[in-house]
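Each chain, written out:
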Amino acid sequence: MSIHHTPRSWPIISHNKRLNGTWDKIVKIDKALATYQVSLADSIKGQVGNGSKIRFWLDIWLTEDRLKDQFPTLFTLETAKSCVVADQCIVTNGNYSIKWNWRKQPRSGEAVNELMEFLDLLYYFRFKGGEDKWVWGGEALDSFSVATMKKVLYRVDPPCSKSILEWNSWMPMKVNAIVWRAIQNRLPTYDNLIKRKILFGPDICCNCLAASESVDHIFASCYVASVVWQRIGRWCNIQTFHIKYIQGLFVAVKQVPEMEHKRKMVYSIVMAAIWCLWETQNKFIFENKPVKIDKVLGDIKYLSFLWIKNRANCLNLDWNRWKSIVL
Ligand SMILES: [Zn+2]
């Protein structure tokens, strides 16, 4: 692959358009697969042996995402963007440490949050020894065949998962990104971390201790989410917020009349609520801060106002009126 690589970018599958041949044909298959919303590059995952070949930030190896996409703020601070896993994860006398190459120290709230999540994921990582390997399709599918390719095609999210989500210009990029990942079941929830063998043990939701912590549970069926959607439903005058799956929220939003920006307003509040529910869950897990539903609702009200006010020039929002709404 090195002959196709350019130092000015970080392609996942390098390609020199001037060289025709087998590699060119393989890369063209990627374009065809893209019409089925399947990425060839996303279907190949690194299995770390000694870490000398798999690129730390640019290849898929630790989770189902590239670390550069999962932790964009940290990636911008990284100076050695093409480093391999062995460059970054150092083992001394059996103890693992990370050799960072920061352009400047991560100090912003966003960078520190990412760093905490990052360290949590890396904590469970161990070198397997031997050569690094590339496997097809991640944890369950480790060799290529037509059958495994079919599995990859069939396990693509149902069309409704992607078509129900629209980019919301009134919300910050980080909120759009979290909601997008939630819809695709790509958040590091307990059930996902256990499935990917990053965590072991029970995957019980820390709020209710009654069910597995999954995307659908955190954002739909957990009692915290149920109360939040009930109150927001009342605020926005929507009766259909009794949901079991996260997709149900977006179906409900689509049913809101579009007049006077109402649908986009409700959509924004729903996205802000998803952001706050995720933050709340993480604060409970990582900072041991128990969930207070009134605090969650207060955050939703404040952040949705702040974000909409700053981005929706067409609206004349007044904080005193907004905050007087009883949730
Ligand atoms: Zn729960």
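See the structure above.
Remember, it's a predicted structure, so these values are computed and weren't measured experimentally.

A. Representation of the overall build of the protein chain. Along the protein chain, the regular secondary structure elements total 15 helices and four strands. The buried share among the 327 residues of the protein chain stands at 25%. Contacts in the protein chain between residues at least 24 apart in sequence constitute 60% of all its contacts with a sequence separation of at least 6.

B. Seen up close, the environment of Arg 186. In this structure, Arg 186 sits in the loop between α8 (173-183) and α9 (190-195). Among the residues examined, Arg 186 registers 18 C-beta atoms within 10 Å and is labelled partly exposed. Sequence-wise, Arg 186 and Thr 63 are 123 residues apart; in three dimensions their C-alpha atoms are separated by 9.3 Å. Ignoring sequence-local partners within four residues, the contact set of Arg 186 consists of Glu 64, Asp 65 and Arg 181.

C. Main features of helix α11 (residues 223-235). When the terminal C-alpha atoms of α11 are compared, their 18 Å separation across 13 residues agrees well with the 18 Å that a helix rising 1.5 Å per residue should span. Looking only at α11, the buried set comprises Val 224, Ala 225, Val 228, Trp 229, Arg 231 and Ile 232. The arc that holds every buried residue of α11, seen down its axis, measures 165 degrees, which confines them to one face. In this fold, the buried residues of α11 make contact with α10 (215-221), α13 (262-287) and α14 (293-311). In the segment just after α11, Asn 237 is the residue with positive phi, at about 60 degrees.

D. Layout of the nonpolar core. Ala 272, Ala 273, Ile 274 and Leu 277 are the most contacted members of the largest nonpolar core, which has 42 residues in total. Mapped onto this core, the elements with two or more residues apiece are α8, α10, α11, α12 (246-254), α13 and α14. Not counting the four nearest positions on each side in its chain, Ile 274 is found in contact with Ile 178, Val 179, Ala 182 and Phe 219.

E. Looking closely at the packing of α8 against α13. It is the contact of α8 with α13, at a shortest axis distance of 9 Å, that shows an interaxial angle of 80 degrees. In terms of orientation, α8 lies roughly perpendicular with respect to α13. Taking contact as the criterion, the partners of Val 175, Ile 178, Val 179 and Ala 182 in α8 are, on α13, Met 271, Ala 272, Ile 274, Trp 275 and Trp 278.

F. Focus on the pairing of strand β2 (residues 89-92). In the sheet, β2 pairs with strand β3 (residues 95-98) via four bridges, with the strands oriented antiparallel. In the strand pairing of β3, Thr 92 is matched with Asn 95. Counting the residues in the hairpin turn of β2 and β3 gives two residues, including Asn 93, whose phi is positive at 50 degrees.

G. Structural detail: unusual backbone geometry. The backbone of Leu 209 shows a phi angle near 50 degrees, a positive value even though the residue is not glycine. The exposure class assigned to Leu 209 is exposed, which follows from the 8 C-beta atoms found within 10 Å.

H. The packing of α11 against α14, seen in detail. Interaxial distance between α11 and α14 falls to 10 Å at its minimum, and their mutual angle equals 50 degrees. One element, α11, and the other, α14, form an angle in the oblique class. Of the two possible hands of crossing, α11 and α14 adopt the one that is right-handed. Side by side, α11 and α14 meet where Val 224, Val 227, Val 228 and Arg 231 of the first sit next to Ile 293, Val 296 and Leu 297 of the second. In the contact of α11 with α14, the residues fall into six nonpolar, no polar and one charged.

I. Region of the structure containing the environment of Cys 206. Looking at where Cys 206 falls in the secondary structure, it is placed in the loop between α9 and α10. Here the alpha-carbon distance between Cys 206 and Asn 282, two residues 76 residues apart in the chain, equals 9.9 Å. Dropping the residues within four chain positions of it, Cys 206 is found in contact with Phe 284 and Ile 285.

J. The arrangement of α14 in detail. For α14, built from 19 residues, the straight-helix expectation of 27 Å at 1.5 Å per residue is met to within 8% by its first-to-last C-alpha distance of 27 Å. Listed in full, the buried residues belonging to α14 are Val 296, Ile 300, Lys 301, Leu 303, Ser 304, Phe 305, Trp 307 and Ile 308.

K. Region of the structure containing the environment of Ala 220. In this structure, Ala 220 sits in helix α10. Note on Ala 220: 21 C-beta atoms within 10 Å, which makes it buried. Put simply, Ala 220 and Tyr 245 are 25 residues apart on the chain and 5.6 Å apart in space, counted from C-alpha to C-alpha. Residue contacts for Ala 220: discarding those within four places in its chain leaves Ala 225, Ile 243, Lys 244, Tyr 245, Ile 246 and Gly 248.

Rules used throughout
- Residues numbered from 1 in each chain as written.
- Predicted model: local features only at pLDDT ≥ 70, side-chain atom pairs only at ≥ 80, totals over all residues.
- Helix = DSSP H or I, 4+ residues; strand = E, 2+ residues; numbered from the N terminus.
- Buried ≥ 20, exposed ≤ 12 C-beta atoms within 10 Å, placed from the backbone.
- Contact = placed C-beta atoms within 7 Å.
- Expected span 1.5 Å × (residues − 1).
- Arc of directions from axis to C-beta.
- Core = buried A, V, L, I, M, F, W, Y, C linked by C-beta atoms within 7 Å.
- Axes fitted to C-alpha atoms, helices over the stretch in contact; angles between N-to-C directions.
- Parallel < 35°, antiparallel > 145°, perpendicular 65-115°, else oblique.
- Pairing = 2+ DSSP bridges.
- Left-handed = near helix turned anticlockwise from the far one by under 90°.
- Nonpolar A, V, L, I, M, F, W, Y, C, P; charged D, E, K, R; others polar.

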